[in-house]
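# Summary of the model geometry
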Amino acid sequence: MNLLESRGDHPEQTDDQAFRRWEGAVSAFVSAAPRLLAIGLRVLQDVGEAEDVVQETWLRWARADRSVVISPPAFLALTTTRLALNVAQSARKRHETSAGPWLPETADRSVSPETAAERREAVDTAIRLLLERLTPAERAAYLLRIAFDYPYRRISEILHLGEDHARQLVRRGRDHLAGERCHPVSAAAHLRLVRTFLAAAQTGDLAELEELLAADVAPQVVGPSSPCHSPTESGRSGG
């Protein structure tokens, strides 16, 4: 991967401060690259596709307005996750199977209102699918592992369960996202999780998200489930 290939997207700058900022951007990406590749591999299970996703993450990082990015590692990890899930979703569509949700890039305050609205709608749809198709424990483990690259040991500590159990929950989450079961979705719970997820994506501070997910993981009486509507239909129905 040639990290200097994309520098042509920026005007030529000779100012020392500008050069140091560029060096800082390269350093942040290089430091995060092993983690980004691990995220891509975990989602896609293919080295070539994972490397392509990491390359695309670099291109977006090079073009981004980095002055508004509070946490570069969070920005890079979430961008990689979103891109990898988009690739996985496209592959599942090609095989005519049901796809799980994709997660958005970390919010960029420089985007247009139209783009911001599209991203918010995408988050709404993704979170609704997680609420409809996964149990609270599956949802918590899946989000922490896939979206934020938490180690299983840390997930087990947050959710107060064994490390092997955390692994099983993530596997079950993947399977159930492609299924047809559908739990009733509370509009308030949906809005709360969307807002908390977006705040975590924007700031890199996941404490509130951890607390919310852990609080939801409690013994519950599960009622009968029904086949889910399409993401678009369920997103418009208001739960």
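Conventions and cut-offs
Residues numbered from 1 in each chain as written. Predicted model: local features only at pLDDT ≥ 70, side-chain atom pairs only at ≥ 80, totals over all residues. Heavy atoms only, no water. Helix = DSSP H or I, 4+ residues; strand = E, 2+ residues; numbered from the N terminus. Buried < 20%, exposed > 50% of the residue type's maximum accessible area, 1.4 Å probe, protein only. Contact = heavy atoms within 4.5 Å. Areas by Shrake-Rupley, 256 points an atom, 1.4 Å probe, with all protein chains shown as cover. Salt bridge = Lys/Arg side-chain N within 4 Å of Asp/Glu carboxyl O. Arc of directions from axis to C-beta. Polar contact = N/O pair within 3.5 Å; in protein donor to acceptor, adjacent residues only side chain to side chain. Axes fitted to C-alpha atoms, helices over the stretch in contact; angles between N-to-C directions. Parallel < 35°, antiparallel > 145°, perpendicular 65-115°, else oblique. Nonpolar A, V, L, I, M, F, W, Y, C, P; charged D, E, K, R; others polar. Core = buried A, V, L, I, M, F, W, Y, C linked by side-chain atoms within 4.5 Å.

### With respect to the overall build of the protein chain
Helices and strands together make up the secondary structure of the protein chain, namely 10 helices and 0 strands. Among the 239 residues that make up the protein chain, the fraction classed as buried is 43%. Sequence separation of 24 or more characterises 69% of the internal contacts of the protein chain that already satisfy a separation of 6 or more. Within the structure as shown, the protein chain displays about 12,500 Å² of accessible surface, and the carbon and sulfur contribution to it stands at 50%.

### What to know about the pattern of salt bridges
Tallied over the entire structure, the rule returns 6 salt bridges. Residues Glu56 and Arg60 are paired through a salt bridge, measuring 3.0 Å at the closest nitrogen-oxygen approach. Here Glu56 pairs with Arg60, and both are found in helix α2 (residues 47–63), just 4 residues apart, close to one helical turn. Residue classification places Glu56 among the partly exposed positions, given a relative accessible area of 26%. Its salt-bridge partner being Glu163, residue Arg167 comes within 3.8 Å of it at the nearest N-O pair. Within this pair, Arg167 and its partner Glu163 are both found in helix α7 (residues 163–177), separated by 4 residues, close to a single helical turn. Given a relative accessible area of 34%, Arg167 falls into the partly exposed group. Several salt bridges share partner residues, and in doing so they unite Arg153, Arg154, Glu157 and Glu210 into one network.

### Quick look at the side chain of Arg42
Residue position: Arg42 is located in helix α1 (residues 16–44). The residues contacting Arg42, other than those within four sequence positions of it, are Arg145, Ile146, Asp149 and Arg174.

### What about helix α6 (residues 152–159)?
Of the positions making up α6, those classed as buried are Tyr152, Ile155, Ser156, Ile158 and Leu159. Within α6, the buried residues cover an arc of 165° as seen down the axis, which keeps them to one side. Among the structural elements, α5 (136–147), α7 and α9 (207–216) are those in contact with the buried residues of α6. Looking one or two residues beyond α6, the residue adopting positive phi is His160, at roughly 60°.

### Some remarks on the side chain of Ser156
Inspection of the secondary structure puts Ser156 in helix α6. With a relative accessible area of 11%, Ser156 lands in the buried category. Among the polar contacts listed, one links the side chain of Ser156 to the backbone oxygen of Arg153, at a separation of 2.6 Å. Every residue in contact with Ser156, bar those within four places of it in the chain, is listed here: Leu161, Gly162 and Glu163.

### Quick word on the packing of α5 against α7
Each pair of packed helices gets described by two things: the angle between the helix axes and the distance between those axes. Contact pair α5 / α7: the axes reach a minimum separation of 8 Å and the direction vectors enclose 100°. The angle between the axes of α5 and α7 places the two elements in the roughly perpendicular class. Contacts from Ala137, Glu138, Ala141, Tyr142, Arg145 and Ile146 in α5 reach Ala166, Leu169, Val170, Arg172, Gly173, Arg174, His176 and Leu177 in α7. Each residue belonging to the contact of α5 with α7 can be placed in one class, and the counts come to 8 nonpolar, 2 polar and 4 charged.

### Some details on the environment of Asp65
Considering the arrangement of structural elements, one finds Asp65 in the loop between α2 and α3 (72–94). A distance of 2.6 Å separates the side chain of Asp65 from the side chain of Ser67, its partner in a polar contact.

### A few points about the nonpolar core
Among the nonpolar cores identified, the biggest contains 43 residues, and Phe148, Ile155 and Leu193 are the most heavily contacted of them. Mapped by element, the contributors of at least two residues to this core are α1, α3, α4 (113–133), α5, α6, α7, α8 (187–203) and α9. When near neighbours in sequence (up to four residues on either side) are disregarded, Ile155 contacts Ala141, Leu144, Arg145, Tyr150 and Ala166. Ranked by size, the runner-up nonpolar core spans 14 residues in total, among them Val26, Val54, Trp58 and Ala64.

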